[in-house]
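# Structural characterization, general
The residues making up each chain are set out below.
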Amino acid sequence: MSIHIEAKKGEIAETILLPGDPLRAKWIAETFLEDSFCYNDVRGMLGYTGTYKGRRISVQGTGMGIPSAMIYCHELIKEYGVKNLIRVGSAGAFQPDLKLMDIIIAMSASTTSSLNRDNFNGADFAPTANFDLLMKAVKFAEKENIDFRAGNVLSSDIFYDDDPEYYKKWASYGVLCAEMETAGLYTLASKFGVNALSILTVSDSLVNGEEISSEMREHKLNHMVEIALNTY
Ligand SMILES: O=P(O)(O)O[C@H]1O[C@H](CO)[C@@H](O)[C@H]1O
Ligand SMILES: O=c1cc[nH]c(=O)[nH]1
């Protein structure tokens, strides 16, 4: 048991899926896992363990933003021995050729957070995906003919930016989309020597203002989850 997770030792698998939304965690457990049980309800941040194709796997909500996600990832790694952390999140597209429901695999994460500059005396650390997980995700998506883009994403501290055009600078450097956790996840995984990958689904477009519903963000992002479940 840790401060924010009430699971007993051994109840969480070495591989875990990490949606920001706890109800997406519930949907994933109920839809894709067999023999799943809920191991965490502290703060309503639901976590489940079950099996997928005979292998033990867990899924844990992390909340929104780097600070919340880093609390759960820290405890999962340090207190529960989790080794493979795969975020399954929604994202806002920066590029005009990205459509709603497209899949993005985050090779690296830029950020507006000062978490690494604070920790590295003003220098930048480059939060990077684990290569083996990345390759497994890519190979599975290609085998299943699921289109995806792989590249740099922005982990932003702000969802509602004052400037609706802020994304254009990032877009001009090839950044694919905004989300709010991956830079923290990749940084912690590097620090603790474990593996991390973020797989995202486009839920909004900063370019044309299109968006999917809250309901779809909770329980319609199947492709991203299927890739994540077959990435270990
Ligand atoms: O859908 P999730 O995983 O929560 O991810 C994205 O959605 C939230 C904002 O709506 C932020 O957490 C962002 O990173
Ligand atoms: O951080 C996020 C997540 C989804 N959509 C956005 O526009 N931003």
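Here is what the cut-offs are and how they apply
- Residues numbered from 1 in each chain as written.
- Chains lettered and ligands numbered in written order.
- Predicted model: local features only at pLDDT ≥ 70, side-chain atom pairs only at ≥ 80, totals over all residues.
- Heavy atoms only, no water.
- UniProt positions renumbered as here; feature names shortened; annotations may be inferred.
- 1 Å grid on protein atoms, 1.4 Å probe; cavity = no way out; pocket = protein on both sides within 12 Å on 5 of 7 lines; lining within 4 Å.
- Points joined across faces, edges and corners; volume = space filled by probe spheres on them.
- Helix = DSSP H or I, 4+ residues; strand = E, 2+ residues; numbered from the N terminus.
- Nonpolar A, V, L, I, M, F, W, Y, C, P; charged D, E, K, R; others polar.
- Near = heavy atom within 4 Å.
- Polar contact = N/O pair within 3.5 Å; in protein donor to acceptor, adjacent residues only side chain to side chain.
- Areas by Shrake-Rupley, 256 points an atom, 1.4 Å probe, with all protein chains shown as cover.
- Sits in = over half its atoms within 2 Å of the grid points.
- Contact = heavy atoms within 4.5 Å.
- pLDDT = per-residue confidence, 0-100.
- Buried < 20%, exposed > 50% of the residue type's maximum accessible area, 1.4 Å probe, protein only.
- Pairing = 2+ DSSP bridges.

Per an unreviewed UniProt entry, the protein chain is named Uridine phosphorylase, and its organism is Christiangramia echinicola. Recorded under Catalytic activity (unreviewed entry), the UniProt text for the protein chain is reproduced unchanged: "uridine + phosphate = alpha-D-ribose 1-phosphate + uracil".

Moving on, we come to the layout of surface pockets. Gaps between atoms show up when a probe of the same size as a water molecule is rolled over them. Considered as a void within the structure, the largest pocket measures approximately 780 Å³ in volume. Taken together, 33 residues form the lining of the largest pocket, with Ser90, Phe159, Ser203, Asp204 and Arg217 sitting closest to its centre. Considering each element in turn, the lining of the largest pocket owes the most residues, five residues, to strand 5 (residues 84-93). Tallied by class, the residues present in the lining of the largest pocket amount to ten nonpolar, ten polar and 13 charged. Computed from the structure, the second largest pocket encloses a volume of approximately 160 Å³. Forming the boundary of the second largest pocket are Ala109, Ser110, Thr111, Ser113, Asn116, Arg117, Asp124, Phe125, Ala126 and Pro127.

With that settled, consider the site of ligand 2. As a structural note, the neighbourhood of ligand 2 is formed by Ser90, Ala91, Gly92, Phe159, Ala178, Glu179, Met180, Ser203, Asp204 and Leu206. Gly92 is positioned with one of its backbone polar atoms (N or O) 3.3 Å from a nitrogen atom of ligand 2. Separating a nitrogen atom of ligand 2 from a side-chain N or O atom of Asp204 is a distance of 2.6 Å. Across the complex, the protein chains shield 89% of the 230 Å² of accessible surface that ligand 2 would expose by itself. More than half of the atoms of ligand 2 fall within 2 Å of the grid points belonging to the largest pocket. For the shell around ligand 2, the secondary structure elements donating two or more residues are strand 5, strand 8 (177-179) and strand 9 (195-205).

Relative to the elements of secondary structure, Asp204 occurs in strand 9. Within the structure, the side chain of Asp204 is placed 2.7 Å from the side chain of Ser203, a separation counted as a polar contact. When sequence neighbours within four positions are dropped, the list of residues in contact with Asp204 reads Ala91, Gly92, Ala93, Leu100, Glu210, Glu211 and Arg217.

In low-pLDDT segments, the atomic positions of the prediction should not be examined closely. Here the protein chain averages 97 in pLDDT, while 100% of its residues score no lower than 70. ipTM for the predicted complex: 0.98, alongside a pTM of 0.98.

A regular strand places its side chains on the two faces of the sheet in alternate fashion. Summarising burial for strand 9: ten of the eleven residues are buried, a large majority. Pairing geometry for strand 5 and strand 9, over ten bridges, is parallel. Residue Asn84 lies in a different strand from strand 9, and its bridge partner there is Asn195. Bridge analysis of strand 6 (residues 103-111) against strand 9 gives four bridges, and the strand direction is antiparallel. Note that in strand 9 the partner of Ile105 across the bridge is Ile199.

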